[in-house]
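Examining the three-dimensional arrangement
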Amino acid sequence: MRQLFIPFLFMMLMSSHCSTPPSTSSSIENNQTSQTYSEIAVMDDSLQETLHQHCSLWLNSWERELKTDSFALVRSYKSSLSTDWEKFDISEKYFSDYRDKIYYSPNGFYALDLYSYNLILNKKGAKTHAVLDTDIQIYVIDIAHHQRLPILFFGPSASIDDGYWLSDSIVVLVGWERCFDCPGEEYRPDVCKVNVFTGETVKYNYIATFSHYNKDFMKQKFPKIIFDF
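Description of the structure in this document. Please read these numbers as outputs of a predicted model, since none were measured by experiment. (Residues numbered from 1 in each chain as written. Predicted model: local features only at pLDDT ≥ 70, side-chain atom pairs only at ≥ 80, totals over all residues. Heavy atoms only, no water.)

According to the stated counting rule, one finds 15 aromatic pairs in the structure shown. Seen in terms of ring centroids, Trp62 and Phe210 are 5.0 Å apart; in terms of plane orientation they differ by 40°. Their pairing is tilted. Here Phe210 lies in the loop between β12 (200–206) and α4 (217–221) and Trp62 lies in the loop between α3 (56–59) and β1 (71–78), a separation of 148 residues in the sequence. Ring geometry for Phe95 against Tyr98: centres 5.8 Å apart, planes inclined by 35°, an arrangement best described as tilted. Comparing Phe95 with Tyr98 shows no difference in burial state: the two are buried. An aromatic cluster is built from Trp58, Trp62, Phe71, Tyr206 and Phe210, whose rings are joined through pairwise contacts. In this structure, Arg75 packs its charged tip against the face of Tyr77, placed 4.0 Å from the ring centre. Just above the ring of Tyr139 sits the side chain of Arg148; from NZ or CZ to the centre is 4.0 Å. (Phe/Tyr/Trp six-rings, centres within 6.5 Å; stacked < 30°, edge-to-face > 60°. Helix = DSSP H or I, 4+ residues; strand = E, 2+ residues; numbered from the N terminus. Buried < 20%, exposed > 50% of the residue type's maximum accessible area, 1.4 Å probe, protein only. Lys NZ or Arg CZ within 6 Å of the ring centre and 35° of its normal.)

The subject of this paragraph is the nonpolar core. With 56 residues, the main nonpolar core has Trp58, Phe71, Leu112, Leu119 and Val191 as its most contacted residues. Broken down by element, this core gets its largest block of residues, 5 residues, from strand β10 (residues 170–179). (Core = buried A, V, L, I, M, F, W, Y, C linked by side-chain atoms within 4.5 Å.)

What follows covers the pairing of strand β7 (residues 136–142). Most of β7 sits inside the fold, with 7 of its 7 residues counted as buried. Judged by which residues are buried, β7 turns out to be covered on both faces: Ile136, Ile138, Val140 and Asp142 on one side and Gln137, Tyr139 and Ile141 on the other are all buried. Judged from the 4 bridges that link them, strand β4 (residues 110–113) and β7 form a sheet pairing that is antiparallel. Counted as the bridge partner of Tyr110 is Asp142 from β7. Bridging between β7 and strand β8 (residues 147–154) involves 7 bridges; their strand directions are antiparallel. When the sheet's bridge partners are listed, Ile138 is paired in β8 with Leu152. Between β7 and the antiparallel strand that follows it, β8, lie 4 residues; His146 among them carries a positive phi value of about 50°. (Pairing = 2+ DSSP bridges.)

Those residues of helix α2 (residues 45–54) that sit buried are Leu47, Gln48, Thr50 and Leu51. In a view along the axis of α2, the buried residues occupy a sector of 165°, so they form one face of it. Those residues of α2 that are exposed and angled more than 90 degrees off the buried face are Asp45, Glu49 and Gln53. The secondary structure elements touched by the buried residues of α2 are α3, β9 (158–165), β10, β11 (186–195) and β12. For α2, the capping residue at the N-terminal end is Asp44, with a side-chain oxygen 3.0 Å from the backbone nitrogen of Ser46. (Arc of directions from axis to C-beta. Contact = heavy atoms within 4.5 Å. Polar contact = N/O pair within 3.5 Å; in protein donor to acceptor, adjacent residues only side chain to side chain.)

By the element assignment, Ser169 lies in the loop between β9 and β10. Residue Ser169 is classed as partly exposed on the basis of its relative accessible area of 22%. Through-space distance from the C-alpha of Ser169 to that of Asn195 is 5.6 Å; in sequence the pair is 26 residues apart. Not counting residues up to four positions away in its chain, the partners in contact with Ser169 are Val194, Asn195, Val196 and Phe197.

Now for the sheet that holds β4. The 5 strands are arranged β2-β8-β7-β4-β3 in an open sheet whose pairing can be described as antiparallel. Strand pairing shows two members of the sheet lacking a second neighbour, β2 (86–87) and β3 (103–104), which therefore form its edges.

Attention now goes to the sheet that holds strand β6 (residues 127–132). Across the sheet, which stays open at both edges, the 3 strands sit in the order β5-β6-β13 with mixed pairing between neighbours. Sheet topology places β5 (119–124) and β13 (225–227) at the edges, where each strand pairs with a single neighbour. For this sheet, the mean angle separating the axes of adjacent strands, direction not counted, is 35°. With 3 bridges joining them, β6 and β13 adopt parallel strand pairing. Residue pairing in the sheet places Ala130 in a bridge with Phe227 of β13. (Axes fitted to C-alpha atoms, helices over the stretch in contact; angles between N-to-C directions.)

As structure tokens, then:
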């Protein structure tokens, strides 16, 4: 387990919405932080469309296909971001195996690195093997200035599986969180829209939980990698 050394971008919501699928009214009434979102129940059509475009593999990686109109708004908020950019060169040799696994912003100035922290790669001859760390750390890479910023950390009770750039400053992250208030061991898919430079975040939770998370997603995402688990 790696040491937790950076602040969270946002706190995980593990209570009040896991016992039963939340109704639209209770979900918004209990969680809204701004009048702007007072009338929003589900994702807007544009976000639903881009999810299908960029994350269809993830939507279909669960035991049944996730419906984009079944994600309900649970919270909108703004978090303080770390300003501790660290030196980092995307051309460094040790990062070469991850360069085809990052997502570039539309303007090409930044890259979203979802996997280099927890996807531990090991070359064995011509084949690539991997193990997954239980912790996840997400970076934004400033390519021109040779630096990166850790923006999000999760322990083993949550995951970020995939994502994409919605604009030059906003990313969409898809994953899941453990439901600690559920009667059994259950997991809830979630979607977050995050401005990586201001910390403004909108979070949606799926209205149903699952007895297992989508543990085979990484195998589907990277079929040429042999996962040793």
